[in-house]
Amino acid sequence: MSNPFLHTSTLPYQLPPFEQITPDDFLPAFKAGFEENLMEIDAIAANSDTPDFENTIAAMERAGQTLARTAYVFFTFAAADATEQIQAIQQEVGPQLAEHEDSIYLNKALFERISAVSTDGLDEESARLVSEYRRSFIRAGAQLDDEGQARMRKLNARLSVLGTEYAQKLLKDTNESALLVTDAAELDGLSDDDIASAAAAAAEAGWAGAGKEKYLLSLVLPTSQPALASLTNRDTRRRLLEASLNRGFRNNSENTLGIAAEMAALRAERAELLGFANHAEFATDNQTAPSLEAIHAMLGKLAPPAVRNAQAEAELLREAAARDGVEDLQAWDWSYYSEQVRREKFSVDRAALRPYFELERVLKDGVFYAANRLYGVTFTERPDLAGYHPDVRVWEVKNEDGSGLGLFLGDYYTRDTKAGGAWMNSLVHQSSLLGTASVVINNLNIAKPAAGEPTLLSFDEVVTAFHEFGHALHGLFSDVTYPQFSGTAVPRDFVEYPSQVNEMWMLWPEVVANFAKHYATGEPLPQDAIDRIEAASTWGEGFGTTEYLGATLLDLAWHELAPGETVQDPEAFEAEALERAGVALDLVPPRYRSGYFKHIFAGGYAASYYAYIWSEVLDADTVEWFKENGGLTRENGDRFRRELLARGNSINPLQSFRNFRGREAAIEPLLHRRGLA
């Protein structure tokens, strides 16, 4: 049989033929893709005709289709189903990809042609594409001399190896660090469904056998683990948080700190080659933020009030803990007593909400319903189309007029071969130049229930489902000419904006009334409970903002290292960085520590984790616009889709925001939302 990557898929929307794909297909497909792409690039660079948009820039956009098909599918596997064979392939192909990209972006003849292309007479999107290509080549090192380019190639190759190694060690250590519990009494406070899931996880991991049943609490990517809010056993809470905090820090083969330190040093050296003082300056030079100084100025304004709010919250937690005889409040107690205070102060019990958040209803009657009301799109499940894993489901998405928009894939359950956290990625990018529509994926990490039991989500997991679907809509609604600009291919500090906006619909009256129904009785979540949830919306924001800022400022500390500066003791470096930034609270560890900060060491967010709160300024202001203009209406949705979601990076994203909002963003809605005003 021919390799399925060597020709365009004949399935709807060019969905990859997963039923035909085996891991053995990847290396031959990558090899063919590299060879094909290099032939195309060499032909463009050697073209004797005068460089113009069609024979140079558009030709670049059309090139590399076999490689793109292969890479999009492979890295979907590498993130969501990383078997040992997939991991071995990733170790082999990662440096090859880095070398291949360098062969393109360090090609001086090609850069000369791109530089010679005139933008006269081009439409706005085409002219922007020329400019973006020039900037990308310069940022990759196209203007370096031969010695500089040779060093750049070595740096990129080594960073590729290290990023893969970091991700794979973290996945292994996260699985190995899951907390094994041998006595069900130690899980008191968890729901019966959660305990059953923990028992099933232990059995799947091979802990079942003679004697008492065992239970496994798997770890999710951030520091704080969901079970900490419910576990009554203080020692279980301690062990769970310590397992989370120590990922990557243990003195074993999965320690990631040395990798992190080496990556930071190499990134600093690479930035110096390109004329920047450090990697953070290099990374933020290509974002919507005007400067690294502007980012620090914003974070500096947020940190002191956030810490004050966290300290005020801690006092209330100490009072609650003292009633249990706990006189020494610790970080592993925070979530538990925070939920107690939430129940006492606002009469909100988040654990009691889970029966109202059943996955199927959250998706169809919540996430999809809101999109239908706003944009008129419909979702039809396609069981005839296979995903890359049995857990993956496929929906066809259509516009209100019945025209096809694309495919949406949902992969919601956690597994040992899946990276932690939640994300969206694309298998096919929309482009009118290539005649392609979007095929996008949402990945979550929800504990799989025991057979026959419903999948009940936590409040935060529902927020995540809406958030990631905001990314999916950004991809699905893309309406651009060139794949370079498609969907979420926007600056890192803008990409989180549409997804954060989509979170607002979770508690919008018509939406929450449609999906938040008891899984057994069908009774709707009482309105007074919704009112109490909204009244309690700023409770815990001191903690939430401080832990987020801790991770953000740690990211910048790693990436503001000067060229030649090395970190010998990463753990001490981390502690000093948090202390220097004014966010070193023992009770509030950063959302990610250096040992498991995959976003920045294996996820594309290096020096860019600030993006979430930078984007939230736009998000909070946009939420105010929707509220001022009637909320969940087709008119509002169509405007947001037309002016922002559809545009991708085909125009300056901040101009897209201005076109939508009618002005620059205001920060006041963000400050109010986070209780900082």
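Residues numbered from 1 in each chain as written. Predicted model: local features only at pLDDT ≥ 70, side-chain atom pairs only at ≥ 80, totals over all residues. Heavy atoms only, no water.

Give a detailed account of the sheet that holds strand 3 (residues 378-381), specifying residues and quantitative values.
Pairing in this open sheet of five strands is mixed, and the strands run 3-4-5-7-6 from one edge to the other. A strand with exactly one partner marks an edge of an open sheet, and here the two such strands are strand 3 and strand 6 (423-428). Within this sheet the neighbouring strands show an average axis-to-axis angle of 30 degrees, counted without direction. Where strand 5 (residues 404-413) meets strand 7 (residues 438-446), seven bridges bridge the pair, whose relative direction is parallel. By the bridge assignment for strand 7, phenylalanine 408 is matched with valine 440. With respect to the sheet, helix 3 (residues 65-80) is in contact with strand 5, strand 6 and strand 7, its orientation differing from that of strand 6 by roughly 155 degrees. The sheet strands contacting helix 15 (residues 459-476) are strand 3, strand 4 (393-398), strand 5, strand 6 and strand 7, and the helix crosses strand 7 at an angle near 165 degrees. (Pairing = 2+ DSSP bridges. Helix = DSSP H or I, 4+ residues; strand = E, 2+ residues; numbered from the N terminus. Axes fitted to C-alpha atoms, helices over the stretch in contact; angles between N-to-C directions. Contact = heavy atoms within 4.5 Å.)

Run through the packing of helix 1 (residues 26-46) against helix 3, naming residues and quoting values.
In contact at an axis separation of 8 Å, helix 1 and helix 3 are set at 145 degrees when each is read in the N-to-C sense. Taken as a pair, helix 1 and helix 3 cross one another with a handedness that is left-handed. Note on element contacts: helix 3 touches helix 1 through Gln65, Thr66, Leu67, Thr70, Ala71, Val73, Phe74 and Phe77, opposite Phe26, Ala29, Phe30, Gly33, Phe34, Glu36 and Asn37. (Left-handed = near helix turned anticlockwise from the far one by under 90°.)

Give me the packing of helix 23 (residues 634-643) against helix 24 (residues 653-661): which residues, what numbers.
Between helix 23 and helix 24, whose axes approach to 9 Å, the crossing angle comes to 155 degrees. Comparing the axis directions of helix 23 and helix 24 gives the class roughly antiparallel. Seen along the crossing, helix 23 lies across helix 24 with a hand that is right-handed. Contacts between helix 23 and helix 24 involve Arg639, Phe640 and Glu643 from the former and Ser656, Asn659 and Phe660 from the latter. A breakdown of the residues in the contact of helix 23 with helix 24 according to their chemical character gives two nonpolar, two polar and two charged. (Parallel < 35°, antiparallel > 145°, perpendicular 65-115°, else oblique. Nonpolar A, V, L, I, M, F, W, Y, C, P; charged D, E, K, R; others polar.)

Tell me about the side chain of serine 594, and name the residues and values.
Along the chain, serine 594 turns up in the loop between helix 20 (570-581) and helix 21 (598-602). For serine 594, a relative accessible area of 1% puts it in the buried group. Polar side-chain contacts of serine 594 include one of 2.8 Å to the side chain of glutamate 574. Among residues more than four places away in sequence, those in contact with serine 594 are Tyr166, Phe249, Thr256, Leu257, Ala260, Leu554, Trp558, Glu574 and Phe601. (Buried < 20%, exposed > 50% of the residue type's maximum accessible area, 1.4 Å probe, protein only. Polar contact = N/O pair within 3.5 Å; in protein donor to acceptor, adjacent residues only side chain to side chain.)

For the pattern of salt bridges, give the residues involved together with the corresponding values.
Going through the model one piece at a time under the given rule, you end up with 47 salt bridges. A salt bridge links arginine 139 to aspartate 285, with the nearest nitrogen and oxygen atoms 3.7 Å apart. Placement of the pair is arginine 139 in helix 6 (residues 124-140) and aspartate 285 in the loop between helix 11 (279-284) and helix 12 (292-322), with a sequence separation of 146 residues. By relative accessible area, arginine 139 is classed as buried at 15%. Residue classification places aspartate 285 among the partly exposed positions, given a relative accessible area of 43%. (Salt bridge = Lys/Arg side-chain N within 4 Å of Asp/Glu carboxyl O.)

Talk me through the nonpolar core; I want residue IDs and the actual numbers.
Grouped together as the largest cluster of nonpolar side chains are 154 residues, with contacts concentrated most on Phe357 and Phe515. The biggest single contributor to this core is helix 12, with 13 residues. The contacts of phenylalanine 357, once residues within four sequence positions are left out, are Val362, Thr455, Leu456, Leu457, Ser458, Phe459, Val462, Met506, Phe515 and Ala516. Grouped together as the second largest cluster of nonpolar side chains are 33 residues, Phe18, Phe74, Ala80 and Val93 included. (Core = buried A, V, L, I, M, F, W, Y, C linked by side-chain atoms within 4.5 Å.)

Kindly report on the environment of alanine 88, identifying the contributing residues and their values.
Along the polypeptide, alanine 88 turns up in helix 4 (residues 84-105). The class for alanine 88 is partly exposed, based on a relative accessible area of 42%. For the pair formed by alanine 88 and glutamine 168, sequence separation is 80 residues and the distance between their alpha carbons is 9.9 Å.

Describe the pairing of strand 6, with residues and values.
Among the six residues of strand 6, six are classified as buried, and the element is accordingly described as predominantly covered. Note: strand 6 against strand 7, five bridges, orientation antiparallel. Directly across from valine 428, in strand 7, lies its bridge partner valine 439.

Summarise unusual backbone geometry; cite the residues concerned and give the values.
Notably, serine 347 is not glycine yet its phi reads approximately 55 degrees, a positive angle. Relative to the elements of secondary structure, serine 347 occurs in the loop between helix 13 (334-346) and helix 14 (359-375). Assessed through its relative accessible area of 45%, serine 347 is described here as partly exposed. Phi angles above zero are rare outside glycine, and alanine 607 is one such case at about 65 degrees. Residue placement: alanine 607 occurs in the loop between helix 21 and helix 22 (611-628).

Please provide a residue-by-residue account of helix 12, values included.
An ideal rise of 1.5 Å per residue puts 45 Å on 31 residues; helix 12 measures up with 44 Å between its terminal C-alpha atoms. Approximately 25 degrees is the largest bend angle found in helix 12, and it occurs at alanine 303, with the proline proline 304 only one to four residues beyond. (Expected span 1.5 Å × (residues − 1). Bend = angle between axes of the 7 residues up to and from the residue.)

Go over the packing of aromatic side chains, please, and point to the residues and values.
Applying the stated criterion across every chain yields a total of 46 aromatic pairs. Seen in terms of ring centroids, tryptophan 558 and phenylalanine 573 are 4.5 Å apart; in terms of plane orientation they differ by 50 degrees. Their pairing is tilted. Taken as a pair, tryptophan 558 in helix 19 (residues 541-559) and phenylalanine 573 in helix 20 lie far apart in primary sequence, 15 residues in all. Ring geometry for phenylalanine 640 against phenylalanine 660: centres 5.1 Å apart, planes inclined by 65 degrees, an arrangement best described as edge-to-face. With a gap of 20 residues between them, phenylalanine 640 in helix 23 and phenylalanine 660 in helix 24 connect regions that are remote in the sequence. Among the residues examined, phenylalanine 640 registers a relative accessible area of 2% and is labelled buried. Residue class for phenylalanine 660 comes out buried when judged on its relative accessible area of 0%. Across the ring face of phenylalanine 282, the terminal group of arginine 139 is positioned such that the distance to the ring centre comes to 4.0 Å. When the ring centre of tyrosine 336 is taken as origin, the NZ or CZ atom of arginine 237, which lies over that ring, is 4.3 Å away. (Phe/Tyr/Trp six-rings, centres within 6.5 Å; stacked < 30°, edge-to-face > 60°. Lys NZ or Arg CZ within 6 Å of the ring centre and 35° of its normal.)

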